[in-house]
Amino acid sequence: MSQTVAGARVLITGAAMGMGRLYAERCVAEGAKSVILWDRDGAALAATAARLTDRSKGRTQIAPYIVDIADLGAIAQTAQRVRTEIGDPDVVINNAGIIRGKYFWEHDNGADTRPTMQINALAPMYIAREFLPAMIASGYRESRIVNIASAAGTLSNPRMSVYAASKAALIGWSDSLRLELVQQGYGHVKVTTVCPSYIDTGMFEGARGPLLTPLMTPEYVVDRVWRAMLAGKPQLLLPWTVNLSKVLRGVLPLAAWDAVAGRVFGVYRSMDRWVGRQ
């Protein structure tokens, strides 16, 4: 799988639009055997499936499934349908995510905090658990799990408290899973944890990139993620300033880091004008 996903079955969550659709288009372009599309927006999903079917010209099976990944039962039922109708995926891209850009005390427990944790942190675990046993059992077939986390999971930021918590949980689980697979000798299954800063999508409309960290285009991020996934790269941080912030946060006293992040780089004001899609 170091070159393409030709002949592979690929499952993508949040596949109806945005970056999810870009991943799906990449699958079709490379001749994937099946592209399994999960999304809760039925109309957008149907439109994307039709577009991909037209592009594939019958070479790739396009399999759309309407599923709310905030619901554990829905994940389990849809996963069983996928196994029966398509077969176990070789690649799972946990792309779906939501954000609530407000102060923590403005979050509603039911409408904001719970779905953020369910979709961003728990759903990738549930989905991986459904398909990982078959990946392990194959013993030889190259398999991939890609978890789209966020740079927000590596540092604190006002108006992102619950989102940051969900992505920090995702990062911790994802990289631990990678180590477990290595430790137990399942080297054919590789996990890539992706931690991008702000991406120029509707989800982050109004957010301002910190100093030296401009908003990245979805196409650029998808290309970098795709190459990292094929190569089985353990972690991808985008852009380079995310690595820099991790180093500075680790070596500076907290007060000094707050001054650098807040006053110099502008990280702590980056969500002040957020109006993005929820």
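Above this text sits the structure in question.
In this text the structure is predicted, and so the values were computed from the model without any measurement. (Residues numbered from 1 in each chain as written. Predicted model: local features only at pLDDT ≥ 70, side-chain atom pairs only at ≥ 80, totals over all residues. Heavy atoms only, no water.)

(A) The environment of Gln183, seen in detail. Summarising the element assignment, Gln183 is placed in helix H5 (residues 161-183). Between the C-alpha atom of Gln183 and that of Ser150, which follows or precedes it by 33 residues, the distance is 26 Å. (Helix = DSSP H or I, 4+ residues; strand = E, 2+ residues; numbered from the N terminus.)

(B) Broad picture of the sheet that holds strand E6 (residues 189-196). Strand order in this open sheet of seven strands is E3-E2-E1-E4-E5-E6-E7, and the pairing throughout is parallel. One side of each edge strand has no neighbouring strand; the edge strands of this open sheet are strand E3 (61-66) and strand E7 (235-238). Neighbouring strand axes in the sheet, compared pairwise and without regard to direction, differ in orientation by 15° on average. As paired elements, strand E4 (residues 91-94) and strand E5 (residues 143-148) share four bridges and run parallel to each other. Its bridge partner lying in E5, Ile93 is registered against Val146. (Pairing = 2+ DSSP bridges. Axes fitted to C-alpha atoms, helices over the stretch in contact; angles between N-to-C directions.)

(C) The arrangement of helix H2 (residues 42-56) in detail. The first and last C-alpha atoms of H2 sit 21 Å apart over 15 residues, in line with the 21 Å expected at 1.5 Å per residue. Looking only at H2, the buried set comprises Ala44, Leu45, Thr48, Ala49, Leu52 and Ser56. Each buried residue of H2 lies within a common arc of 130° when the element is viewed along its axis, so the set occupies one face. Relative to its buried face, H2 has exposed residues pointing more than 90 degrees away, namely Ala43 and Asp54. Where H2 is buried, its residues meet helix H1 (18-29), strand E2 (34-39) and E3. If you check the start of H2, you find a side-chain oxygen 3.3 Å away from the backbone N of Ala43, and it comes from Asp41. Note on H2: the residue one or two positions beyond its end, Lys57, has a positive phi of about 55°. (Expected span 1.5 Å × (residues − 1). Buried < 20%, exposed > 50% of the residue type's maximum accessible area, 1.4 Å probe, protein only. Arc of directions from axis to C-beta. Contact = heavy atoms within 4.5 Å. Polar contact = N/O pair within 3.5 Å; in protein donor to acceptor, adjacent residues only side chain to side chain.)

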